[in-house]
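The chain contents come next:
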Protein chains: 2
Amino acid sequence: MNAWKEGWFTEESNGLWDGESKNLKVKQVLYHKKSEFQDVLVFESESYGNVLALDGAIQATEKDECAYQEMACHLPLVTVGHEPKRVCIIGGGDGGCVREVLKHSSIEEVVLCEIDKEVIEAAKKFLPTMSCGLEDPRVKVINADGAAYLKQHKNYFDVIINDCSDPIECAQVLFSKDFFITCREALVPNGIFSQQSETLWLHLDFISNLKKDLEQVFDQAKYAYVSTPTYPGGLLGFLVCSTNPDMDPSVPRRIESWYNKLDEKTKDSLKYYTDKLHTASFHLPAFAAKKLNQF
Amino acid sequence: MNAWKEGWFTEESNGLWDGESKNLKVKQVLYHKKSEFQDVLVFESESYGNVLALDGAIQATEKDECAYQEMACHLPLVTVGHEPKRVCIIGGGDGGCVREVLKHSSIEEVVLCEIDKEVIEAAKKFLPTMSCGLEDPRVKVINADGAAYLKQHKNYFDVIINDCSDPIECAQVLFSKDFFITCREALVPNGIFSQQSETLWLHLDFISNLKKDLEQVFDQAKYAYVSTPTYPGGLLGFLVCSTNPDMDPSVPRRIESWYNKLDEKTKDSLKYYTDKLHTASFHLPAFAAKKLNQF
């Protein structure tokens, strides 16, 4: 654990944020295991609650995970034109996305395709506010390769959420055009795909190419971003993709049928997502709007 | 310089972001002086261009300063209902805000009230893309206390921008109700005041109290935020305040008369601000919207 210095965790660059790094003060290490796929670490931090890091990169902290998880799920789930019943999440072993998807009462089945069992084990033990939905009877956890699973489920899902880690090592394949084709084929007509898409400040060329790839596979792809203090660049984005040329993926179609009809408890559980923020998140800084041709 | 370790600059907490810190890799130190007021440092970083730090806290980097400076200026300047002629900037010695204010062709006078000469000197030498407007004949640089200067200019400015550093040490007074009253009195009718207001993720209680103070002095105050990768919390906000109960400070009144009429070169110089982002920046994450009662 060379990332530890005098009680601090340092998030060294994995090649995607060279020249900068972030330190979080550690209260105690809760879980640390080398799994078949990666280094899995959970520690209690001084100011961000419990923190999950994979291969040394922060994936989620209790303090700010609401931002990423809520937007990763509700952007596609509120965009889809019909009541979503079946959702597939690729990655996302911490369970935060499952928790959010279950806030849509129309959901009958959530498949979590997390290749690494150890991530789920760590989350169940030490990230209970994220993993709380994993025992729900509508949830099916598959410890398998996402692409292989989706190939067996053509024309099946209303929404697919690619909640993967950075495009290096084993996650690289989840940013490939082949994988996107598999996702599109696994969607029902008018289904929506959402792709974790890195940060505008650091990876704009990468995002621009990713968007072009997605636009070749899907009918439309639009970038939305969310404020994430513990990710490099301070924000993270999604490319939300539609399978219908007339379906703008930045339009929240289910505000009336979902958001406005939420019971008080569920609405209160949304710490980040709002109806207005949904639309606002697609309005990019000028430098990004120009590069991604999204005005 | 105890913040330096093996070629990295570490931004230690000044009490406002305990438990976390950020590291930037240093190519070379360009300027380092202990001024009458603070430690003034400019260094060339590996991935964010030249960086200005005051008392060890990052104020501006060439890579991302566009976000803060453009929004700090254009939010109030596009909100004001009339063509703004006179603007006062408190702090802002790097010159970035002056540069942005001058993009409004109606401007006749910009007063920069920067108490610390050394900041201006450092910026002129090593941050030319920020300080480029300081020699403009419409600009008046005053090395004096902002409050004292404004007290002598009642009913004078169309817009006042409080571009101050964190609310500690000598900047603390710039977050006081007495100072806000001085600002209100220095504004013409329907003038707009914009206050640097820290980050939602780390200082929500502080911001909530600040907003209440401002609402007692001004007629309305609304919080807007901007993505700032090099500030703790990954975002920074402004409380934009109006001096007219019918003037909502989140409404961009001069999109037609300013933004839509910009010549191509000036519009192209806007790296962050867009008309849509103006409105979007006031749509807060749910946790902040609730606390600040801003929906």
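Residues numbered from 1 in each chain as written. Chains lettered and ligands numbered in written order. Predicted model: local features only at pLDDT ≥ 70, side-chain atom pairs only at ≥ 80, totals over all residues. Heavy atoms only, no water.

This part covers the sheet that holds strand β7 (residues 86-91) of chain B. All names here are of chain B. Pairing in this open sheet of 7 strands is mixed, and the strands run β9-β8-β7-β10-β11-β13-β12 from one edge to the other. Only two strands of the sheet have a single partner each, and these edge strands are β9 (139-142) and β12 (220-227). Geometrically, the sheet is characterised by an average inter-axis angle of 15 degrees between neighbouring strands, direction not taken into account. Where strand β11 (residues 187-196) lies against strand β13 (residues 235-242), 5 bridges are found, and the strand directions are antiparallel. (Pairing = 2+ DSSP bridges. Helix = DSSP H or I, 4+ residues; strand = E, 2+ residues; numbered from the N terminus. Axes fitted to C-alpha atoms, helices over the stretch in contact; angles between N-to-C directions.)

Further remarks concern the domain arrangement of chain A. Residue and element names in this part refer to chain A. Under the domain assignment used here, chain A contains domain 1 (4-59) and domain 2 (65-291). Just the C-alpha atoms count here: the centres of domain 1 and domain 2 sit 23 Å apart. The partner domain 2 presents 21 residues to the 21 residues of domain 1 that form the contact. Buried surface at the junction of domain 1 and domain 2, summed over both partners, amounts to about 2,100 Å²; 65% is from carbon and sulfur atoms. Area buried by domain 1 at its contact with domain 2 is led by Leu-16, Tyr-31 and Phe-37, which between them contribute 29% of it. Between Glu-121 and Lys-33 there is a salt bridge, and its shortest N-O distance comes to 3.7 Å. The tally of links between domain 1 and domain 2 comes to 8 residue pairs in polar contact (both at pLDDT 80 or more). Only β3 (20-34), β4 (39-45), β5 (50-54) and β6 (57-61) provide two or more residues apiece to the side of domain 1 that touches domain 2. If you tally residues by element for the side of domain 1 that touches domain 2, the top one is β3, at 5 residues. Residue composition of the side of domain 1 that touches domain 2, by class: 12 nonpolar, 5 polar and 4 charged. (Domains from an automatic or database assignment. Contact = heavy atoms within 4.5 Å. Buried area = accessible area lost by both parts, 1.4 Å probe. Salt bridge = Lys/Arg side-chain N within 4 Å of Asp/Glu carboxyl O. Polar contact = N/O pair within 3.5 Å; in protein donor to acceptor, adjacent residues only side chain to side chain. Nonpolar A, V, L, I, M, F, W, Y, C, P; charged D, E, K, R; others polar.)

Right, let's talk about the pattern of salt bridges for a bit. In the structure shown here, the tally under the stated rule is 39 salt bridges over all chains. Two residues, B:Lys290 and A:Asp268, come together in a salt bridge whose shortest N-O distance is 3.7 Å. Of this pair, B:Lys290 sits in helix α10 (residues 286-292) while A:Asp268 sits in helix α8 (residues 264-269), on two different chains. Overall, B:Lys290 belongs to the partly exposed group, its relative accessible area being 38%. The partner of B:Lys140 in a salt bridge is B:Glu109, with the nearest N and O atoms 3.7 Å apart. Of this pair, B:Lys140 sits in strand β9 while B:Glu109 sits in strand β8 (residues 109-113); the two residues are 31 residues apart in sequence, bridging distant segments of the chain. The exposure class assigned to B:Glu109 is buried, which follows from its relative accessible area of 13%. Counted as one network, the salt bridges with shared partners bring together A:Lys33, A:Glu118, A:Glu121 and A:Lys125. (Buried < 20%, exposed > 50% of the residue type's maximum accessible area, 1.4 Å probe, protein only.)

Let us look at the interface of chain A and chain B. With 42 residues of chain A in contact, the opposing surface of chain B contributes 42 residues. Together chain A and chain B conceal approximately 3,200 Å² of surface at their shared face, both sides included; 53% is due to carbon and sulfur atoms. Summed over the shared surface of chain A and chain B, the number is 4 salt bridges. Scanning the region where chain A abuts chain B turns up 26 residue pairs in polar contact (both at pLDDT 80 or more). Looking at the side of chain A that touches chain B element by element, the count peaks at 6 residues for β3(A). In the side of chain A that touches chain B, the residues fall into 20 nonpolar, 10 polar and 12 charged.

What follows is about the sheet that holds strand β12 (residues 220-227) of chain A. Two orientations exist for strands paired in a sheet by backbone hydrogen bonds: parallel and antiparallel. All names here are of chain A. Read across the open sheet, the 7 strands follow the order β9-β8-β7-β10-β11-β13-β12; overall the sheet is mixed. With one partner strand each, in any of the chains shown, β9 (139-142) and β12 form the two edges of the open sheet. Between one strand axis and the next, the sheet turns through 15 degrees on average, direction left out of account. Two strands pair when backbone bridges link them, and strand β7 (residues 86-91) and strand β10 (residues 157-163) are joined in this way by 5 bridges, in the parallel orientation. In the sheet register, Gly-91 faces β10, and the bridge partner there is Asp-163. On top of the sheet, helix α6 (residues 177-186) reaches β7, β10 and β11 (187-196); it is set at about 145 degrees to β11, its chief contact.

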